[in-house]
Amino acid sequence: GKTGLLRVGYVATGLYSPHVLRNLRQFRAAFPDVHVALKQMSPVMQMGALVSNTIDVAIVHGGVAAPQQFRVNQLLDEPMGFMLPKGHPMARAERLHLADFIADPMVMISRHISPGFYDRLMATWLERGFNPRIVQESDSFATSIVLVASGAGISFAGESAAAHLASAVLVRHVGDFRFRSAIDLVTRPSDDSPIVEAFLRWLTNDAPSFG
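Computed from a predicted structure; not experimentally measured. (Residues numbered from 1 in each chain as written. Predicted model: local features only at pLDDT ≥ 70, side-chain atom pairs only at ≥ 80, totals over all residues. Heavy atoms only, no water.)

### Some details on the environment of His-97
Our working definition: Runs of H or I in DSSP of at least four residues are treated as helices and runs of E of at least two as strands, each being numbered from the N terminus. Any pair of residues with heavy atoms lying within 4.5 Å of one another is described as a contacting pair.
With respect to the helices and strands, His-97 occurs in the loop between strand S4 (71-85) and strand S5 (105-109). Sequence separation between His-97 and Arg-188 is 91 residues, and the spatial gap between their C-alpha atoms is 41 Å. Not counting residues within four places of it along the chain, the set of residues in contact with His-97 comprises Val-174 and Asp-176.

### With respect to helix H2 (residues 43-51)
To keep it simple, the criterion reads: Summary of the burial criterion: residues with accessible area below 20% of their type's maximum are buried, those above 50% are exposed, and those between are partly exposed, where the area comes from a 1.4 Å probe applied to protein chains only. Here the arc refers to the directions that run from the helix axis out to each C-beta atom.
Listed as buried for H2 are Pro-43, Gln-46, Met-47, Ala-49 and Leu-50. Along the axis of H2, the buried positions cluster into a sector of 165°, meaning they face one direction only. In this structure, the buried residues of H2 make contact with strand S1 (4-10), strand S3 (57-61) and strand S9 (180-187). Phi turns positive, to about 65°, at Asn-53, one or two residues after H2.

### Some words on the nonpolar core
What counts is decided by this rule: In these notes, a set of buried Ala, Val, Leu, Ile, Met, Phe, Trp, Tyr and Cys residues joined through side-chain atoms within 4.5 Å is what counts as a nonpolar core.
Of all hydrophobic cores here, the largest spans 24 residues; its most connected members are Phe-82, Phe-101, Leu-121, Trp-125, Phe-156 and Phe-177. Counting residues per element, the ones that place at least two in this core are S4, S5 and helix H3 (115-127). The residues touching Leu-121, leaving out its near neighbours within four places in the chain, are Met-108, Phe-156, Phe-177 and Phe-179. Leu-6, Val-8, Phe-31 and Val-34 belong to the second largest nonpolar core, which has 23 residues in total.

### A short note on the pairing of S1
Put simply, the rule is: DSSP-based pairing: two strands are paired if at least 2 bridges between them are found.
Pairing of S1 with strand S2 (residues 34-40) involves 7 bridges; the strand directions are parallel. Each residue of the ladder has a partner; that of Gly-4, found in S2, is Val-34. With 3 bridges joining them, S1 and S3 adopt parallel strand pairing. When the sheet's bridge partners are listed, Val-8 is paired in S3 with Val-57.

### Things to note about the packing of aromatic side chains
Stated formally: Paired rings are identified among Phe, Tyr and Trp, the last through its six-membered ring, by centres lying within 6.5 Å, and are further divided according to the angle between planes into stacked (under 30 degrees), edge-to-face (over 60) and tilted (the rest).
For the structure on display, the rule yields 13 aromatic pairs. With a centroid separation of 5.1 Å and 55° between ring planes, the pair formed by Phe-82 and Phe-101 is classed as tilted. Remark: Phe-101 occurs in the loop between S4 and S5 and Phe-82 occurs in strand S4; sequence separation between them is 19 residues. In this structure Phe-101 comes out as buried when scored by relative accessible area, which is 1%.

In structure tokens form, the structure reads like this:
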């Protein structure tokens, strides 16, 4: 298990947490002869790639992988905030609420990227009387950052991602936006590769629960 290839599919939000990045760096240092091939993929694509054995590990939104079919370890659980351009009128407000953004254009991840996450987020907003004015859909978190930074609208992000985002955007806690986002580390239950086992141990080591 000290040498070889590890194929990892991921959603970008899964790698923005400081503790995930730290543990990934430590794994690389501990196993310098293991080549970690990272490929950004939608959660739906990752599940198919696990089944077809074209990736070894999936880093996906919580709830995507069926525990009856896959081995699932929670990697991260954190509150979500709103991602705003630095020049937004509410960027420096002391307290924020959903009603403050009722007229703002919203950049939304396309539903086909992660249907379960999309539906849960929309249901949470509608329950609180917030009907987002979606003006543009995004194919990835990285694209959402660029769109927000360029003034296309606001979006959302895990609060731990703030330190890693572009200098043109920031993430703010919104008082009545009580939505948590989990990230899962998913593998095939039949995969007994020592490299995969080592990766699971290192990536889930002392994973904190934010908020």
